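One-letter residues, chain by chain:
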Amino acid sequence: MPEGDTIHRLAREHARDFAGRTVRVSSPQGRFAAEARRLNGRRFMGAEAYGKHLFHHWRGGLVVHVHLGMAGWFYRYPRPAPPPRPTVRMRLATRDVTVDLIGPPTCELVSEEERREIVSRLGPDPLRRDFDPDVAWERLRRRDRPVGDALLDQRIVSGVGNIYRIEALFLTGIHPLRGTAALSRREWTRLWQTLRALMQRGVRTGRARTVDPSETPHPRAGGPAGGAGERPAGEAGERWSDDFYVYRRANCRRCGRRIVELPLSGRRMFVCPRCQRKRRAGRALDQGAGAVAPAP
DNA sequence: GGCTTATGCGCAG
DNA sequence: TGCGCCTAAGCCA
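Residues numbered from 1 in each chain as written. Chains lettered and ligands numbered in written order. Predicted model: local features only at pLDDT ≥ 70, side-chain atom pairs only at ≥ 80, totals over all residues. Heavy atoms only, no water.

**Quick look at the protein's contact with DNA strand C**
No. 1: Near DNA strand C, the surroundings consist of 9 residues, among which Gln29, Arg31, Ala71, Ile102 and Gly103 are the closest.
No. 2: Among the atoms of DNA strand C close to the protein, meaning within 4 Å, 75% are from sugar or phosphate groups.
No. 3: Here a phosphate oxygen of DNA strand C sits 3.2 Å away from a polar atom, N or O, in the side chain of Arg85.
No. 4: Thr87 places a polar side-chain atom, nitrogen or oxygen, 3.2 Å from a phosphate oxygen of DNA strand C.
No. 5: Within the surface near DNA strand C, the residues separate by chemical class into 2 nonpolar, 3 polar and 4 charged. (Near = heavy atom within 4 Å. Polar contact = N/O pair within 3.5 Å; in protein donor to acceptor, adjacent residues only side chain to side chain. Nonpolar A, V, L, I, M, F, W, Y, C, P; charged D, E, K, R; others polar.)

**Quick word on the protein's contact with DNA strand B**
No. 1: If you check the shell around DNA strand B, you find 16 residues, and the closest are Met1, Met70, Gly161, Arg267 and Arg268.
No. 2: Of all atoms in DNA strand B that approach within 4 Å of the protein, 70% are sugar or phosphate atoms.
No. 3: One of the side-chain N or O atoms of Glu3 is found 3.1 Å from a sugar or linking oxygen in DNA strand B.
No. 4: The backbone of Asn162 places a nitrogen or oxygen atom 3.3 Å from a phosphate oxygen of DNA strand B.
No. 5: Of all the secondary structure elements, the ones that give two or more residues to the surface near DNA strand B are α6 (162-171) and β10 (267-271).
No. 6: For the surface near DNA strand B, the residue count by class is 5 nonpolar, 6 polar and 5 charged. (Helix = DSSP H or I, 4+ residues; strand = E, 2+ residues; numbered from the N terminus.)

**A closer look at the packing of helix α4 (residues 133-141) against helix α7 (residues 185-205)**
Packed helix pairs are specified by the crossing angle of their axes together with the interaxial distance, meaning the distance between the axes.
No. 1: Their axes nearest at 11 Å, the elements α4 and α7 cross at an angle of 125°. Of the possible angle classes, the one that applies to α4 and α7 is oblique. As for the relative orientation of α4 and α7, their crossing is right-handed in sense. Contacts from Pro133, Asp134, Ala136, Trp137 and Leu140 of α4 reach α7 at Arg185, Trp188 and Trp192. (Axes fitted to C-alpha atoms, helices over the stretch in contact; angles between N-to-C directions. Parallel < 35°, antiparallel > 145°, perpendicular 65-115°, else oblique. Left-handed = near helix turned anticlockwise from the far one by under 90°. Contact = heavy atoms within 4.5 Å.)

**Topic: α6**
No. 1: Of all the 10 residues making up α6, 10 are buried; the element is thus mostly covered by neighbouring parts of the structure.
No. 2: Of all the positions in α6, only Asn162, Ile163, Tyr164, Arg165, Ile166, Glu167, Ala168, Leu169, Phe170 and Leu171 are classed as buried.
No. 3: On its buried face, α6 is in contact with α1 (4-18), α5 (147-150), α7, β9 (260-264) and β10.
No. 4: Note on α6: the residue one or two positions beyond its end, Gly173, has a positive phi of about 70°. (Buried < 20%, exposed > 50% of the residue type's maximum accessible area, 1.4 Å probe, protein only.)

**Considering the nonpolar core**
No. 1: Among the nonpolar cores identified, the biggest contains 41 residues, and Trp188, Leu191 and Val246 are the most heavily contacted of them.
No. 2: Those elements that place two or more of their residues in this core are α4, α5, α6, α7, β9 and β10.
No. 3: When neighbours within four sequence positions are excluded, Trp188 is seen to be in contact with Pro133, Ala136, Trp137, Leu140, Leu151, Val157 and Leu183.
No. 4: Grouped together as the second largest cluster of nonpolar side chains are 24 residues, Ile7, Leu39, Met90 and Val97 included. (Core = buried A, V, L, I, M, F, W, Y, C linked by side-chain atoms within 4.5 Å.)

**A short note on the environment of Thr87**
No. 1: When you line up the elements, Thr87 lands in the loop between β5 (73-78) and β6 (88-93).
No. 2: By relative accessible area, Thr87 is classed as partly exposed at 42%.
No. 3: Each C-alpha atom, one on Thr87 and one on Glu167, is 33 Å from the other, the two residues being 80 residues apart in sequence.
No. 4: Setting aside residues no more than four positions away along its own chain, Thr87 makes contact with Gln29, Leu101, Ile102 and Gly103.

**Quick notes on the pattern of salt bridges**
No. 1: Within this structure, the stated rule accounts for 21 salt bridges.
No. 2: Across the pair Arg128 and Asp130 runs a salt bridge, and its minimum N-O distance is 3.0 Å.
No. 3: When salt bridges with common partners are traced through the structure, they connect Glu48, Glu112, Glu113, Arg115, Arg116, Arg128 and Asp130 into a single cluster. (Salt bridge = Lys/Arg side-chain N within 4 Å of Asp/Glu carboxyl O.)

**Here's the deal with the environment of Met1**
No. 1: By secondary structure assignment, the location of Met1 is in the segment before α1.
No. 2: Separated by 125 residues in the primary sequence, Met1 and Pro126 have C-alpha atoms spaced 19 Å apart.
No. 3: Not counting residues within four places of it along the chain, the set of residues in contact with Met1 comprises Met70 and Trp73.

**Notes on helix α3 (residues 112-120)**
No. 1: Listed in full, the buried residues belonging to α3 are Arg115, Ile118 and Val119. For α3, the angular spread of buried residues about the axis comes to 95°, placing them on one side.
No. 2: Looking at the buried positions of α3, the neighbouring elements they touch are β2 (42-50), β3 (53-58), β4 (62-67) and β8 (106-110). (Arc of directions from axis to C-beta.)

**Some thoughts on the packing of aromatic side chains**
The geometry of an aromatic ring pair is captured by the separation of the ring centres together with the interplanar angle, meaning the angle of the planes.
No. 1: For the structure on display, the rule yields 7 aromatic pairs.
No. 2: Taking the centre distance of 5.1 Å and the plane angle of 85° together, the rings of Phe244 and Tyr247 count as edge-to-face. Both residues of the pair, Phe244 and Tyr247, count as buried.
No. 3: Both rings, one in Tyr247 and one in Phe270, keep their centres 5.8 Å apart while their planes meet at 80°; by these two values the pair is edge-to-face. Remark: Phe270 occurs in strand β10 and Tyr247 occurs in the loop between α8 (233-236) and β9; sequence separation between them is 23 residues.
No. 4: Assessed through its relative accessible area of 1%, Phe270 is described here as buried. (Phe/Tyr/Trp six-rings, centres within 6.5 Å; stacked < 30°, edge-to-face > 60°.)

Have a look at this one:
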């Protein structure tokens, strides 16, 4: 269940594996079969990420547009690859490596023109060199709405998903229900920089981990969140990771306070009522709280 | 085997 | 706002 950092990492991987090569393309599942026949044996020119969208560029101006949604994933095999599962939508293979795409809501052949249209609907991507946080700020100001809601709107910022919105708001001390109208320019800048730093780290490490590992958890920080749909702490013991400050936690990793869970834009939102302020902070807090997470 | 959940998103109402 | 879609994995009976 990828956010933008994963897509950028995949783009690099695919460029490394396939750029400049002639690639065998197939669709064992069948839903991309006609397109695969067109691409099969063609030269792969490059891969590009924009937010959560991935583009494969092929010789002749053909572009494959992939969006992984919630369930989609790429599996990579150094040769020899196993026979594809029947759910493989698209298989890319060279002599050296095979990549299987499974479960994407979007895997389509588009023109360069259509690619531009898709990208033009997206807000600036914190992971791209051509980003412009001012554009995001302008769009953010157009309508007063909860910041936590706005951060998932890909027209405002692209590539941010549930984990990064939750953790970046925590790190900047901003309550997700704060209206965008009550957000200062300085707070926005810090939020943007925090998102960028966290996601860059994700690209580097291949892991969405937002905590500063040198920061010891609060004694009452505890384990994962309980409640509906959550595994009990005991059972989850093995799988529970201490990667986040508030995301899917019962208690704040920093202060130990009980985490509040609320639905926001149809997703689970987690907030620490002590560390995050609903109202705009005073000057001291505005400057002091929520430094950009350092690289580990 | 069915139900639920997941780092998404587009659409109908 | 809720629903459907994509797939895998874990829980439950």
